[in-house]
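# Commentary on secondary and tertiary structure
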Amino acid sequence: MSSETEPPASSQEAGGGHVDGPIREIGHDEYDPVGTLALIGLYFLILVALWFFMYFVEFIGNDPTVVGSILGGVMVA
Amino acid sequence: MTSNETPYLEQFPGEAKLVKAAFWSSFISLAIGALFGVIQVLHRTDVLRFIDSADYYTVLTIHGVLLVISFTIFFLVGLFTWAITTSLDRPLPSLRFSWGWYGMMVAGMLASAFSMFAGFIDSIDVSASVLFTFYAPLQAHPLYYIGLVTFVVGTWVAGFDWIRTWWGWKQDNPDERIPLPTFMVLTTMIMWYIATLGVAVALLAFILPWSLGLVDSINPTLTRTLFWFFGHPVVYFWLMPAYMMWYIMLPKVAGGKLFSDPLARVVFVLFLVLSVPTGIHHQYLDPGIAEGFKFIAMTNTMFLLLPSFLTAFTVVASMEHGARQRGGTGYLGWLKALPWRDPVFTGMALAGMMFAAAGFSGMINAGMNINYLVHNTFWVVGHFHLTVGTGVALTFMAVSYWFMPQLTGKRLWNRTVALVQVLLWFVGMTLMSNAMHRGGLLGIPRRTAEPQYDGFEFEAGVGSVAELDAQIVIGGILLGLSTALFLAVMIGTVLGPRDDSLPGNNYAETLSGPEDAPLVLDNLKLWTIIAIILVIFAYTLPLLSIISRGGLFGFETGGLPLSISLLGSTIAATFGELLPAAGSVTAPLETAATTLTGIVR
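Predicted model only: the values in this text are computed from it and were never measured. All residue numbers refer to positions counted from 1 along the written sequence of the respective chain. Each chain gets a letter, beginning with A, and each ligand a number, beginning with 1, in the order they are written. Totals for whole chains, interfaces and linings use every residue, but because this is a predicted model, local features are given only for residues with pLDDT of at least 70 and side-chain atom pairs only at 80 or more, for both listing and counting. Processing note: side-chain calculations cover all non-hydrogen atoms of the structure and skip hydrogens and water entirely.

## Some points on the overall build of chain A
Check the secondary structure of chain A and you find 4 helices and 0 strands. Secondary structure counts use DSSP, requiring at least four H or I residues in a row for a helix and at least two E residues in a row for a strand, with both numbered from the N terminus. Along chain A, helices (α) and strands (β) appear in the sequence α-α-α-α when read from the amino end. Per-residue accessibility, obtained with a 1.4 Å probe over protein chains only, is compared with the maximum for each type, and a residue is labelled buried under 20%, exposed over 50%, and partly exposed between these values. Looking at chain A as a whole, 25% of its 77 residues are labelled buried. As presented, chain A carries roughly 5,000 Å² of accessible surface, and 69% of it is formed by carbon and sulfur atoms. Areas reported here follow the Shrake-Rupley algorithm with a probe of radius 1.4 Å; residue values treat only the protein chains shown as occluding.

## Overview of the side chain of Q406 of chain B
Residues and elements named next belong to chain B. By the secondary structure assignment, Q406 is in helix α15 (residues 378-408). Its relative accessible area of 1% is what places Q406 among the buried residues. Apart from residues lying up to four places away in sequence, Q406 is in contact with P7, Y8, L9, P503, G504 and N505. It only takes one pair of heavy atoms within 4.5 Å for two residues to be counted as in contact.

## A look at the pattern of salt bridges
Only one rule defines a salt bridge in this text: a Lys or Arg side-chain nitrogen within 4 Å of an Asp or Glu carboxyl oxygen. One pass over the full model with this rule turns up 12 salt bridges over all chains. Counted as one network, the salt bridges with shared partners bring together R177, D261, R265 and D522 of chain B.

## A short note on the packing of helix α3 (residues 53-88) of chain B against helix α5 (residues 142-172) of chain B
All names here are of chain B. Note on method: axes are straight lines fitted to C-alpha atoms, helices fitted across the in-contact stretch only, with angles between N-to-C directions ranging 0 to 180 degrees. Here α3 crosses α5 at 10 degrees, and the two axes come no closer than 10 Å. By the angle between their directions, the pair α3 and α5 is classed as roughly parallel. Regarding α3 and α5, the two cross each other, and that crossing is left-handed. Contacts between α3 and α5 pair T61, V65, I69, S70, I73, F74, L76, V77, F80, T81, I84 and L88 from the former with Y144, F151, T155, W162, T165, W166 and W169 from the latter. Classification used: nonpolar for Ala, Val, Leu, Ile, Met, Phe, Trp, Tyr, Cys and Pro, charged for Asp, Glu, Lys and Arg, polar for all others including Gly. Along the lines of polarity and charge, the residues of the contact of α3 with α5 split into 14 nonpolar, 5 polar and no charged. Throughout this description, any angle smaller than 35 degrees is read as roughly parallel, any larger than 145 degrees as roughly antiparallel, any in the 65 to 115 degree range as roughly perpendicular, and the remainder as oblique. By convention the crossing between two helices is left-handed if the near helix lies anticlockwise of the far one by an angle smaller than a right angle, and right-handed if it lies clockwise.

## Quick word on the confidence of the model for chain A
Residues and elements named next belong to chain A. Every residue carries a pLDDT, the predictor's confidence in it, which falls somewhere between 0 and 100. Overall, the predicted model of chain A reaches an average pLDDT of 68, with 47% of residues at or above 70. Taken element by element, chain A is modelled with least confidence in helix α1 (residues 2-5), mean pLDDT 37, and with most confidence in helix α3 (residues 34-59), mean pLDDT 87. Throughout residues 1-14 the model reports pLDDT below 50, and contacts reaching past four residues in sequence, or to other chains, amount to 23 contacts.

## Re the nonpolar core
Residue types Ala, Val, Leu, Ile, Met, Phe, Trp, Tyr and Cys, when buried and joined through side-chain atoms within 4.5 Å, form a set referred to as a nonpolar core. By size, the foremost hydrophobic cluster in this structure holds 185 residues, and its most contacted members are W82 and W162 of chain B. Of the residues forming this core, the biggest block, 21 residues, is contributed by α3 of chain B. When neighbours within four sequence positions are excluded, W82 of chain B is seen to be in contact with Y8, V19, M245, I248, M249, W402, F403, N505 and Y507 of chain B. By size, the runner-up hydrophobic cluster in this structure holds 13 residues, among which are V57 of chain A together with L373, V374 and V380 of chain B.

## Quick notes on the packing of aromatic side chains
Residues and elements named next belong to chain B. Two rings from Phe, Tyr or Trp (for Trp, the six-membered ring) form a pair when their centres sit within 6.5 Å of each other. Planes less than 30 degrees apart are called stacked, planes more than 60 degrees apart edge-to-face, and all others tilted. Within this structure, the stated rule accounts for 50 aromatic pairs over all chains. Residues W82 and F403 carry aromatic rings whose centres are separated by 4.9 Å and whose planes lie at 85 degrees to one another, so their mutual orientation is edge-to-face. Linking W82 in helix α3 with F403 in helix α15, this pair joins segments that are 321 residues apart in sequence. Taking the relative accessible area as the measure of exposure, W82 reaches 0% and is therefore buried. Following the ring pairs from residue to residue traces out a cluster consisting of F23, W24, F27, F71, F75, W82, F396, Y401, W402, F403 and F486. Consider the ring centre and the ring normal. A charge sits over the ring if Lys NZ or Arg CZ is within 6 Å of that centre and within 35 degrees of that normal. One Lys or Arg, R44, reaches over the ring of F378 and ends 3.8 Å from the middle of that ring.

## Observations concerning the interface of chain A and chain B
Listed per partner, the contact involves 39 residues of chain A and 48 residues of chain B. Both sides together, the interface formed by chain A and chain B hides about 3,900 Å², and carbon and sulfur atoms give 66% of it. The interface formed by chain A and chain B holds 0 salt bridges in total. Here a polar contact is recorded for every N or O atom pair within 3.5 Å, except that within protein the pair must consist of a potential hydrogen donor and a potential acceptor, and residues adjacent in sequence are included only if both atoms are side-chain atoms. At the junction of chain A and chain B, the tally comes to 12 residue pairs in polar contact (both at pLDDT 80 or more). Elements with a contribution of two residues or more to the side of chain A that touches chain B: α2 (8-14) and α3 of chain A. The dominant element in the side of chain A that touches chain B, judged by the number of residues it contributes, is α3 of chain A, at 13 residues. Take the accessible area each of two parts loses on contact, using a 1.4 Å probe, and add the two losses: that sum is the buried area.

## With respect to unusual backbone geometry
Residues and elements named next belong to chain B. The linkage connecting A136 with the following residue, P137, adopts the cis geometry, with an omega of 10 degrees. By the element assignment, P137 lies in the loop between α4 (95-117) and α5. N414 follows W413 through a cis peptide bond whose omega is -5 degrees. Residue placement: N414 occurs in the loop between α15 and α16 (415-441). For D46, which is not glycine, the phi torsion reads 65 degrees and is therefore positive. On the basis of relative accessible area, D46 is assigned to the partly exposed category, the value being 45%. Positive phi, normally seen in glycine, also occurs at L131, with a value near 65 degrees. Of note, L131 is situated in the loop between α4 and α5. Owing to a relative accessible area of 11%, L131 belongs among the buried residues under this scheme.

## Let's talk about a nonpolar patch on the surface
Residue and element names in this part refer to chain A. Two joining distances apply to patches: 9 Å for like charges and 5 Å for nonpolar side chains (Val, Leu, Ile, Met, Phe, Trp, Tyr), and every residue must have over 30% relative accessible area and no salt bridge. On the surface, a nonpolar cluster with roughly 430 Å² of combined accessible area is contributed by F44, L45, V48 and F52. With respect to the element layout, L45 can be found in helix α3. You can call L45 exposed: its relative accessible area is 55%.

## Quick word on the confidence of the model for chain B
Residues and elements named next belong to chain B. With 92% of its residues at a pLDDT of 70 or more, chain B has an overall mean of 91. Every residue in residues 557-568 scores below 50 in pLDDT, and together they form 17 contacts with partners more than four places removed in sequence or on other chains. Residue range residues 574-601 is modelled with pLDDT below 50. Its contacts to residues more than four positions away, or to other chains, number 21 contacts.

## Concerning helix α8 (residues 233-248) of chain B
Residue and element names in this part refer to chain B. By definition here, a helix of n residues has an expected span of 1.5 Å times n minus one. The end-to-end C-alpha distance of α8 is 22 Å, a good match for the 22 Å that 16 residues give at a rise of 1.5 Å each. Helix geometry: α8 is bent most strongly at L239, by close to 30 degrees, with proline P241 lying one to four residues after it. Counting buried positions along α8 gives 15 out of 16 residues, so the element sits mostly inside the fold. Note that the bend at a residue is defined as the angle between axes fitted to the seven residues ending at it and the seven residues starting at it.

## Re the environment of V520 of chain B
As for its placement among the helices and strands, V520 of chain B is situated in the loop between β2 (510-512) and α18 (524-550). Those residues in contact with V520 of chain B that lie beyond four places of it in its chain are L526 and W527 of chain B.

## Regarding the packing of α3 of chain B against helix α6 (residues 180-212) of chain B
Residues and elements named next belong to chain B. One can describe the packing of α3 onto α6 by two numbers: an axis separation of 8 Å at closest approach and a directional angle of 140 degrees. Here α3 is positioned oblique relative to α6, judged by the angle of their axes. In terms of crossing hand, the pair formed by α3 and α6 is left-handed. Contacts from I73, F80, A83, I84, S87 and L88 in α3 reach P181, T182, V185, T188, M189 and W192 in α6.

Okay, here's the thing in structure tokens:
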């Protein structure tokens, strides 16, 4: 509708789901979701890091001892 | 349906009214529920206590039931009605019938709400301060249960209404694939029918007769297990409409297409199959259920990560497609090309991000051994405020900015306020939920009016409890403010001028469409049978074992107040003094008191 024929400014005013038309069409075969790989990969790394962190939280006292020891170390130094 | 130029209101004026009514029922629940949430935050942290601590639990019950039952499910029935009519391009068979199920849901919720609110008024002998998890030994007025049953039966009839609309369509289009939104509605409703059987049996066979005084006692483990039979899949009932929006609306507002229709179908089939046989993972700490059964529930639960990760991939890939069509480049640079000024997009994207964070705390909850660390602590509250409280709630609010103009023909008031609203929710929830998770690790309990104790302090490894409390209060107030802004935008839109340039009622096209999906995915009978078999595997032995140990109706404990253990011991002691010879009287009393104490714990 109007949003596809007019510049983006009109869609910004309208709200309620006006979508700007695409600058270029990307079909099924030309689309390679590398950005998704990067983002999901990042999420996976965060999960792995949290999982390791969980080990310290659960098994060595109830404190996040990694942070505690780093802070303690900094204060001693 | 993807190139339609007519708004929903003009396409289906009658259905639009019904959807609008359902949405407003949802928003009214949200308004009251959110207000009560702010009261709880202030009370718990001891910043401002203007209610009696005994009333805290009434407030908590209303907050829980209105938000997770009324707000979510009223929104769901509106959304599903839109999805069925839009994707089948077909009206509901009879609007009078449809208003009937909506009326049932309203009547049921009003009855439950009355019984909960009556808890504030001493002169009315009705109360239902039993929390959303309404299992024994807490007992509510029968009206509370009758209201809930009526509400749930209303959703059953609604499901029937959508299914028969699909049947009608199928007869006219025998060779076509089920449109994706309809497929999502059907799988979700089949899951809901299976799941609600548990709560229906718990309420109708045990809790309601007990509350009415028809039976003296019930088996608490049995009713808890039946509650969680429903209590876990219900979270997917909240989540599936949000998932639907992420699959069919988010790619469109991002300027792209859904990456894969077949993957979306796989995800919904997996939720249908795996949602129910997992409920026992809420009972890892319940005595009376063998570890082996809990282990099976844990395994099923971990499998549920699969559809969630599939969703993360498909939804992000669809967003990226939109971003690249809008000119985005690079590994992460495409993120800048997304329409971050559109509240519909930003709300949904932030909700999805918060939901991903909840994936981690969910894995902690699901692990049988790690769960012991966080069970019944504030951590769990932090977790579900990320899932239902943001993943679902923020998605619903964000898509309302698209739906309200579609349903009313009015212009959205006002895009900037709407954008501020979704951002405020995100910031508020980041503060509150983070602090709740950390508080849980320190052992701060949930469901507690005054988690401050004489002669004992929770020790924080990093920061302090005061700092956590400050985050919770600031976060809670921001969330309250955000809700107020949301309601202001909704009311402003309804009262505002008509918009003649509304976009058509469309949802996202697909890069890989249903023609790429194996036919077996649409075989709903097969998936239903597999779902039922898995439920039988997961629940038959635990239920039989619980019944054989505790009896169908349990021991003779009755629906007594929580203080009975104290009372029982006092009576036992008094009797013991008065009647030293009457050992036969005091012994059973003491046994009863001990049993009760155990159950209460």
